[in-house]
Amino acid sequence: MDENKIEALYKQIDLLKKDNRTLKEELKKCRPADERLRSIIESSEIAVIDYLIPISYHLYHCHEFAKILGYEDDENFLLNKEIDWFVKRIHKEDYQKIKPTIENLQAGNIDSAHFEVRFLNKENAWIYLKVYCIIKKREKKEIIRVLAVLQDITEQQMIDNKLMSSERRYHGIFENSPLSLWEEDWSQVKEYLDKLRENGVEDYRAYFHEHRQAVSKCVSLVKILDVNKRTLQMHKAKNKEELLTNLSTVFTDFTEANFIDELVSFANGATTYQAENIHRTLDGEILNIQLSMNVVPGYENNLKKVIVSMMDITEKKKIEKWKIEIEESDEKIKINLKKGRETKPI
């Protein structure tokens, strides 16, 4: 071996010895505090590992660290494991996301980092980990020590995944429903109604008929969060923005009277409401609709989520009107025939 290389190797060994002596001295000084810290760590649900990079040796890991990864604490599973062992067990997709952060840590450009990754445990099953890393550097940014704190968030992540899946299914049903659907937030209206009650209002219907500005105020407090495709088709709107910026065209005088009924119902504690209403399309055609409002379970106290469904019954109303006209016409014919027989000469 080249003498220069041998000399460099001896220097490296001397540095390691010095680091180890320094480390032992520091640990000895703070042993009481260190023992208390370890006691706290061992009683928590977080995992900690302290790793010495130059000699690929872990100084300490708590019981929870082994447990999270699926090992028994006495298996010595970290024996002869280099830091790359951990990196290689991170899901490839997640590693690509955190790769710039890892590279910055390795280059000594940053002292700490945190991220969430999927990790392959002993049973070759993916678990979700939240990881916090702190590094100690020597001169020239050379890393000599890594302290990592891990938290198993698998259960929470699975719940979040189910919620996201459920949310996607809900949105699919919402968006493609044959009924016109509106998702609305009435929480500010609820607060306004509660304040009116605190100020002595008991007969909400009489109050709103006498104070039309209060009705307009409540209209402004309703937040329309979303509408579906059928709503756009029914009102002949190109997109949601066009519909929501032209609600003054959509709503009629009948709509305002109906809105007062809605306010009275919710003020009196109702969580559902049904009625017939009249809207206009954006090109001015009259729409007869069957309206149904339902507060989403769990939001009864604040009305933060209200689903409004509307069915176009315009054709049904036309048929009903024709039926009435035909019946009236038949009745007139019968009356005229009867009069004709009564006045006919003998």
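Above this text sits the structure in question.
Throughout what follows, the structure given in this document is the object of discussion. (Residues numbered from 1 in each chain as written. Predicted model: local features only at pLDDT ≥ 70, side-chain atom pairs only at ≥ 80, totals over all residues. Heavy atoms only, no water.)

Next up on the list: the nonpolar core. Trp186, Val189, Tyr204, Phe208, Met293 and Val306 are the most contacted members of the largest nonpolar core, which totals 38 residues. The biggest single contributor to this core is helix H13 (residues 253-267), with six residues. Setting aside residues no more than four positions away along its own chain, Phe208 makes contact with Leu193, Leu196, Ala214, Val215, Cys218, Ile260 and Leu263. (Core = buried A, V, L, I, M, F, W, Y, C linked by side-chain atoms within 4.5 Å. Buried < 20%, exposed > 50% of the residue type's maximum accessible area, 1.4 Å probe, protein only. Helix = DSSP H or I, 4+ residues; strand = E, 2+ residues; numbered from the N terminus. Contact = heavy atoms within 4.5 Å.)

Here we come to the pairing of strand E4 (residues 126-137). Side-chain direction in a regular strand flips from residue to residue, so the side chains alternate between the two faces of the sheet. One ladder, built from nine bridges, connects strand E3 (residues 112-120) with E4; its direction is antiparallel. Among the inter-strand pairings, Ala113 is bridged to a residue of E4, identified as Cys133. (Pairing = 2+ DSSP bridges.)

Each strand in a sheet pairs with another by means of backbone hydrogen bonds, the pair being arranged parallel or else antiparallel. The five strands are arranged E7-E6-E10-E9-E8 in an open sheet whose pairing can be described as antiparallel. Strand pairing shows two members of the sheet lacking a second neighbour, strand E7 (223-227) and strand E8 (272-280), which therefore form its edges. With strand direction ignored, the average angle separating the axes of adjacent strands in the sheet is 30°. With four bridges joining them, strand E6 (residues 180-185) and E7 adopt antiparallel strand pairing. (Axes fitted to C-alpha atoms, helices over the stretch in contact; angles between N-to-C directions.)

Looking now at the packing of helix H9 (residues 212-221) against H13. Helix-helix packing: each pair is described by the crossing angle between the helix axes and the interaxial distance. One can describe the packing of H9 onto H13 by two numbers: an axis separation of 11 Å at closest approach and a directional angle of 80°. Regarding the angle of H9 to H13, the classification is roughly perpendicular. Side by side, H9 and H13 meet where Arg212, Val215, Cys218 and Val219 of the first sit next to Glu256, Phe259, Ile260 and Leu263 of the second. (Parallel < 35°, antiparallel > 145°, perpendicular 65-115°, else oblique.)

This part takes up H13. In this model, H13 (15 residues) spans 22 Å end to end at C-alpha, consistent with the 21 Å of a helix rising 1.5 Å per residue. Among the residues making up H13, those that are buried are Thr255, Asn258, Phe259, Ile260, Glu262, Leu263, Val264, Phe266 and Ala267. Looking at the buried residues of H13, the elements they touch are helix H7 (187-198), helix H8 (204-210), H9, E8, strand E9 (286-295) and strand E10 (306-312). Positive phi appears at Gly269, one or two residues downstream of H13, with a value of about 95°. (Expected span 1.5 Å × (residues − 1).)

What follows is about the packing of aromatic side chains. The description of an aromatic ring pair rests on the distance of the ring centres and on the angle between the ring planes. One pass over the structure, following the stated rule, counts five aromatic pairs. Between Tyr170 and Phe174, the aromatic rings sit 5.9 Å apart at their centres with planes inclined by 40°, giving tilted as the arrangement. On the criterion of helical spacing, the pair formed by Tyr170 and Phe174 is a turn pair, its members being four residues apart in helix H6 (residues 154-176). On the basis of relative accessible area, Tyr170 is assigned to the partly exposed category, the value being 32%. Summarising the aromatic geometry, the rings of Trp186 and Phe259 are spaced 5.6 Å apart at their centres and angled 40° between planes, so their arrangement reads as tilted. With Trp186 in the loop between E6 and H7 and Phe259 in helix H13, the pair connects residues that are 73 residues apart, well separated along the chain. The exposure classification of Trp186 matches that of Phe259, with both residues buried. Taken together, Trp186, Phe259 and Phe266 form an aromatic cluster joined through their ring pairs. (Phe/Tyr/Trp six-rings, centres within 6.5 Å; stacked < 30°, edge-to-face > 60°.)

This part covers the pattern of salt bridges. Summed over all chains, the structure comprises 14 salt bridges. Put simply, Glu256 and Arg212 hold a salt bridge, and the shortest N to O gap is 3.0 Å. Placement of Glu256 in helix H13 and of Arg212 in helix H9 is noted, with a sequence separation of 44 residues between them. Given a relative accessible area of 38%, Arg212 falls into the partly exposed group. (Salt bridge = Lys/Arg side-chain N within 4 Å of Asp/Glu carboxyl O.)

On the surface, Ile319, Trp322 and Ile326 cluster together into a nonpolar patch covering about 340 Å² of accessible area. Locating Ile319 in the fold gives a position in helix H14 (residues 314-343). (Patch = residues over 30% accessible without salt bridge, like charges linked within 9 Å, V, L, I, M, F, W, Y side chains within 5 Å. Areas by Shrake-Rupley, 256 points an atom, 1.4 Å probe, with all protein chains shown as cover.)

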